[in-house]
Amino acid sequence: MTDSMRVTTVDLETALLAWMPQQRWFAAKGSVMVSLDVVERVPLGSRPGVSAEHVLVDIGLGAHVDDGGQVQRYQVPLGFRRTASDEVAAWQLPMPSSDIAVYDGLRDPAIIAMYGDALAAAESIGPIDFRSVAADSVNSGMLGRVLGAEQSNTSVVLGEVLLLKFFRRVAPGVNPDIELHRALADTGCRNVAPLHAWIEMQSDGELSMLGMAHDFVADSAEGWTTALTSVRDLLASGLAQPDADFAPEAYLLGEAVAHVHADLAQQLGTSERPAKSSVDEILERVEAAAEAVPGLAAHLPAARELIARAEAAGTTTVQRIHGDLHLGQVLRTPSTWLLIDFEGEPAKSLEERRRPDSALRDVAGMLRSFDYAAHNLLLGESGVTDEVAALATEWVERNSSAFCDGYASVTGSDPRSETALLGAYELDKAVYEAVYEARNRPTWLDIPMRAIRRLAPAPE
Ligand SMILES: Nc1ncnc2c1ncn2[C@@H]1O[C@H](COP(=O)(O)OP(=O)(O)O)[C@@H](O)[C@H]1O
Ligand SMILES: O=P(O)(O)O[C@H]1O[C@H](CO)[C@@H](O[C@H]2O[C@H](CO)[C@@H](O)[C@H](O)[C@H]2O)[C@H](O)[C@H]1O
């Protein structure tokens with residue numbers, strides 16, 4: 001970086017303090033921020049008129065119901081220009097007294113290209129190592145663009161062939177998204193996009209994984225969008241048995257999830273665990289959530305009963321799973337369904353996310369997602385008739401059933417046969433969603449609350 005573009009760390013910290021909580025990927029919404037420290041500034045490179053720094057930021061959080069005082073580390077690739085280009089103007093950090101525009105670097109194609117070239121060269125820049133699966137995995141000189149979707153992380157497309165995802169929250173240790181994609185590559189799994197490269201870093205003697213690049217599947221459609229189209233068509237037609245429906249897709253999706261589970265089990269093994277330890281964790285989370293979301297407490301007695309019934313399962317088989325499976329995590333290609341984003345639930349620690357769990361957790365995640373798709377279009381609609389509500393409910397039942405049929409056709413065992421344990425996982429997910437929606441999208445809160453009312457009814 002040229003000296004004329006240098007910004008002091010103190011100024012950067014002040015600007016980040018105001019800017020970071022506004023970002024969609026900032027996971028500590030609802031917590032009290034007590035400190036912000038820039039812990040690394042790695043100069044990534046310069047091109048005419050622009051320079052880039054890879055910045056790591058530690059956020060200190062005060063006591064909150066489910067974080068009780070902790071530090072969260074984020075990576076914030078930053079761009080520096082004399083004048084912000086149109087592309088990055090909306091992503092500037094507030095620095096009114098500076099004559100430099102400082103902004104989210106991942107919004108700038110010139111900076112994305114710097115990351116692409118570092119991956120192609122498998123370079124090390126300061127503490128950051130760019131690694132590739134094979135010598136020719138990544139081409140140099142690829143143009144980049146940020147992917148529209150605003151989610152927990154930020155993904156960019158390189159040369160329209162690779163998708164490079166930057167994990168916004170960074171923790172020491174192995175990142176499950178990279179770990180599981182590598183394990184699945186070894187089985188030749190057809191239901192994931194092949195991994196080509198990743199970025200890691202040594203900090204304070206510990207390894208952290210920063211990002212990964214895999215095939216960008218341009219001709220794919222997100223499961224969430226496809227499912228919503230089906231629901232929209234159904235509600236518009238008003239027909240209880242529509243001609244075109246998502247159910248055949250839900251069946252194929254069930255098969256795809258089962259294949260991924262089988263491949264993960266083959267590569268990384270399975271073990272038996274007392275159902276009690278699974279259900280104890282669920283109970284703990286439901287009870288903690290009841291303190292965070294008003295309205296949940298009334299459901300605690302029925303939730304405890306459901307969870308106690310699930311314990312009767314005795315032992316349960318556990319293995320590595322996806323961990324946060326929903327319709328936004330699956331892509332329909334012309335030939336198959338792909339599962340993406342094996343990071344697990346963003347709210348859990350890395351250690352928790354890498355812990356083996358019941359495959360039923362993923363099944364429950366997808367069942368919850370069918371419920372989300374069916375009820376999303378009814379949110380905020382006044383005068384929803386009983387007939388329309390029934391159509392939405394039937395859509396959920398039809399697709400949940402097709403998904404489980406598809407899953408059972410591969411594994412030979414129907415997830416619905418473990419009724420109470422599956423119900424406990426659905427409740428766990430719905431409660432997680434209630435906390436997530438209360439913090440991020442309060443107008444969506446009623447979707448998980450409806451499910452909680454069904455799974456664990458409050459006393460009259
Ligand atoms: N391999 C891929 N090919 C094409 N699009 C993808 C691919 N992987 C992810 N996407 C798109 O990028 C979005 C974000 O990816 P995801 O891995 O779920 O990120 P996040 O961790 O931020 O949720 C997805 O919803 C999907 O639309
Ligand atoms: O960003 P991630 O994909 O890691 O997941 C988080 O955000 C999701 C919302 O984008 C959230 O999913 C919930 O909403 C979806 C529709 O937007 C729905 O398909 C899911 O079933 C529902 O859980 C997810 O829970 C959260 O971890």
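Thresholds applied
Residues numbered from 1 in each chain as written. Chains lettered and ligands numbered in written order. Predicted model: local features only at pLDDT ≥ 70, side-chain atom pairs only at ≥ 80, totals over all residues. Heavy atoms only, no water. Helix = DSSP H or I, 4+ residues; strand = E, 2+ residues; numbered from the N terminus. Polar contact = N/O pair within 3.5 Å; in protein donor to acceptor, adjacent residues only side chain to side chain. Contact = heavy atoms within 4.5 Å. Pairing = 2+ DSSP bridges. Near = heavy atom within 4 Å. Areas by Shrake-Rupley, 256 points an atom, 1.4 Å probe, with all protein chains shown as cover. Domains from an automatic or database assignment. Phe/Tyr/Trp six-rings, centres within 6.5 Å; stacked < 30°, edge-to-face > 60°. Buried < 20%, exposed > 50% of the residue type's maximum accessible area, 1.4 Å probe, protein only. Buried area = accessible area lost by both parts, 1.4 Å probe. Salt bridge = Lys/Arg side-chain N within 4 Å of Asp/Glu carboxyl O. Arc of directions from axis to C-beta.

### Some points on the side chain of E179
With respect to the element layout, E179 can be found in helix α4 (residues 176-185). Side chain to side chain, E179 and R354 meet in a polar contact 2.9 Å long. Look past the residues within four positions of E179 in its chain and what remains in contact with it is V174, R320 and R354.

### Digging into the sheet that holds strand β8 (residues 154-158)
Remark on secondary structure: sheet strands pair via backbone hydrogen bonds, oriented parallel or antiparallel. Read from one edge to the other, the open sheet built from seven strands follows the order β5-β6-β11-β12-β9-β8-β7, with strand pairing classed as antiparallel. The open sheet terminates on both sides in strands that have one partner only, identified here as β5 (124-125) and β7 (144-146). Inspection of the sheet shows β5 paired to strand β6 (residues 128-132) by two bridges, in the antiparallel sense. If you follow I125 over to β6, its bridge partner there is I128.

### Some words on the site of ligand 2
In the neighbourhood of ligand 2, 16 residues make up the surrounding shell, with S152, S369, Y432, E433 and Y436 lying closest. Here an oxygen atom of ligand 2 and a side-chain polar atom of S152 are 2.7 Å apart. In this structure, R441 approaches ligand 2 through a side-chain N or O atom, which is 2.9 Å from an oxygen atom. Against a free-state accessible area of 530 Å², the protein chains account for coverage of 94% of ligand 2.

### Focus: the side chain of S369
In this fold, S369 is placed in helix α10 (residues 360-376). Side-chain polar atoms of S369 contact the backbone nitrogen of L327, separated by 2.8 Å.

### Some remarks on the site of ligand 1
The full set close to ligand 1 counts 17 residues, and Q151, N153, D215, V217 and E222 are the nearest of them. Taking D215, its main chain carries an N or O atom lying 2.8 Å from a nitrogen atom of ligand 1. For ligand 1, the protein covers 92% of the area, taking 550 Å² as the surface of the free molecule. Those elements that place two or more of their residues in the shell around ligand 1 are β9 (162-166) and β12 (206-215). Taken domain by domain, the makeup of the shell around ligand 1 includes at least three residues from each of domain 1 (3-215) and domain 2 (221-455).

### Notes on the environment of L350
Note that L350 resides in helix α9 (residues 350-353). In this structure, the C-alpha to C-alpha distance between L350 and F80, residues 270 residues apart in sequence, is 32 Å. Once residues lying within four places of it in the same chain are set aside, the contact partners of L350 are A171, P172, G173, V174, N175 and P176.

### So, the packing of aromatic side chains
By the definition in use, this model includes 13 aromatic pairs. Measuring from centroid to centroid gives 6.3 Å for Y372 and W444, while their planes differ by 40°, and the two rings are tilted. With Y372 in helix α10 and W444 in the loop between α12 (419-440) and α13 (446-455), this residue pair connects regions lying 72 residues apart in the sequence. According to the relative accessible area criterion, W444 is buried, its value standing at 19%. Through pairs of rings, three or more aromatic residues link up here, namely F246, W337, F370, W395 and F403.

### Remarks on the domain arrangement of the protein chain
Looking at the assigned domains, one finds that the protein chain contains domain 1 (3-215) and domain 2 (221-455). Between domain 1 and domain 2 lies a buried interface of about 2,500 Å² when both sides are counted; carbon and sulfur atoms form 54% of it. Where domain 1 packs against domain 2, one counts three salt bridges. Among the ionic pairs, D341 bridges to K165, the shortest N-O distance being 2.8 Å. In this assembly, domain 1 and domain 2 are joined by ten residue pairs in polar contact (both at pLDDT 80 or more). Broken down by element, the side of domain 1 that touches domain 2 gets its largest block of residues, seven residues, from α4.

### Comments concerning helix α1 (residues 9-19)
Among the residues of α1, L12, A15, L16 and W19 are the ones counted as buried. Projected onto a plane normal to the axis of α1, the buried residues spread over an arc of 100° and lie on a single side. Structural note: α1 exposes V10 and T14 on the side pointing more than 90 degrees away from its buried face. In this structure, the buried residues of α1 make contact with β1 (33-47), β2 (50-61), β3 (70-81) and β4 (101-104).

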